[in-house]
Amino acid sequence: MKRLLILYGFEHSGHHAAALALQDAFREMRPDLDIVLLNYFLYASRILERFSTRVFFRMIKSTPRLWDRIYRNPLSEERFTRFRQFVRSWASRGPDDLVREYAPDAIVCTQSFACGMINDFKGGRRAGIPLYAALTDYSVPPYWLYDRIDRYFVASPEARSLLVGQGVDGARVLDSGIPIRLCFQSLPSREKARRILGIASPRPRGLLMGGWTGWGALARRAMEIQRLNRDADLVVVA
């Protein structure tokens, strides 16, 4: 193998962070390997990337229950298939352009839409390029089920069981965990970390996490928690 293509969706997202972690690990294992990291939405169309990001942000922030229904609904894959068909007919560049331009020996996807587009390409062109899926969820949404993925890498044995229970060959699923950056392999002591972050006080401490960009009224939640716990420190991470 000489060139590896890693596809993600949305800049600075969890999918992007996982792709960066994989890039670091592959570079450490194979310094001679040419690794290409690519936002598939942006590659296909700048307009598509802006539209998809805007819709996704709006849905998560304004109607999280709607996204939850999409996330868990077994009919979601059918709708995503229709969306991929629409994108193929509308986007300025497609998966065939991608493969022709970068000529990768294998493709790793950390985001489901990009993975679906390559999966469809493999079927239509009868292409044998190896396709690997690295999931960043502890669950397995129905829109991650594709028949031309050579290997799934999932977060846990439970996630593996979910895939196998939905008909995926167990030999194609490895419960490897979610990719994280190599720098987290060597952590400072708790005391040193607190000094670095400027939170070295002996008071009780809480952690509030808001995901990708701190959505979900994170600032208001932080103020409510702090108001109810004035004798504690609160660390907020997005």
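Here, the structure is the one placed above.
Keep in mind that what you see is a predicted model, and the values were worked out from it rather than measured. (Residues numbered from 1 in each chain as written. Predicted model: local features only at pLDDT ≥ 70, side-chain atom pairs only at ≥ 80, totals over all residues. Heavy atoms only, no water.)

Undergrad: What exactly am I supposed to notice about the nonpolar core here?
TA: In globular proteins that are soluble, nonpolar side chains generally tend to be buried together. Core analysis: the biggest nonpolar cluster contains 39 residues, and L7, Y40, L98, I107, C115 and Y152 have the highest contact counts within it. Broken down by element, this core gets its largest block of residues, 6 residues, from helix α7 (residues 112–125). Not counting residues up to four positions away in its chain, the partners in contact with Y152 are A133, L135, W144, L145, Y146, L163, V168, R172, V173 and L174. With 10 residues, the next largest nonpolar core counts Y8, A19, L22 and I35 among its residues. (Core = buried A, V, L, I, M, F, W, Y, C linked by side-chain atoms within 4.5 Å. Buried < 20%, exposed > 50% of the residue type's maximum accessible area, 1.4 Å probe, protein only. Helix = DSSP H or I, 4+ residues; strand = E, 2+ residues; numbered from the N terminus. Contact = heavy atoms within 4.5 Å.)

Undergrad: Could you clarify how one ought to interpret the layout of surface pockets in this entry?
TA: If a probe as big as a water molecule is rolled over the atoms, it shows which places are left empty. Empty space within the second largest pocket amounts to approximately 370 Å³. F184, L187, P188, S189, R190, A193, R194, I196, L197, I199 and R205 together form the lining of the second largest pocket. It is helix α9 (residues 190–197) that contributes the most residues to the lining of the second largest pocket, 5 residues altogether. Within the lining of the second largest pocket, the residues separate by chemical class into 7 nonpolar, 1 polar and 3 charged. (1 Å grid on protein atoms, 1.4 Å probe; cavity = no way out; pocket = protein on both sides within 12 Å on 5 of 7 lines; lining within 4 Å. Points joined across faces, edges and corners; volume = space filled by probe spheres on them. Nonpolar A, V, L, I, M, F, W, Y, C, P; charged D, E, K, R; others polar.)

Undergrad: Looking at this structure, I do not really get the pattern of salt bridges. What am I missing?
TA: When the charged atoms of two side chains lie near each other, side chains of opposite charge can form a pair. If you walk through the whole model with that rule in mind, you get 11 salt bridges. Measuring nitrogen to oxygen at the nearest pair gives 2.7 Å for the salt bridge that ties R181 to D24. Linking R181 in the loop between β6 (173–175) and α9 with D24 in helix α1 (residues 14–29), this pair joins segments that are 157 residues apart in sequence. Residue classification places R181 among the partly exposed residues on the basis of a relative accessible area of 32%. The partner of R220 in a salt bridge is E224, and the shortest N-O contact between them spans 3.3 Å. Of this pair, R220 and E224 are both found in helix α10 (residues 218–228), 4 residues apart, which corresponds to roughly one turn of the helix. A residue is classified by how much of its surface remains accessible, and R220, at 43% relative accessible area, is partly exposed. (Salt bridge = Lys/Arg side-chain N within 4 Å of Asp/Glu carboxyl O.)

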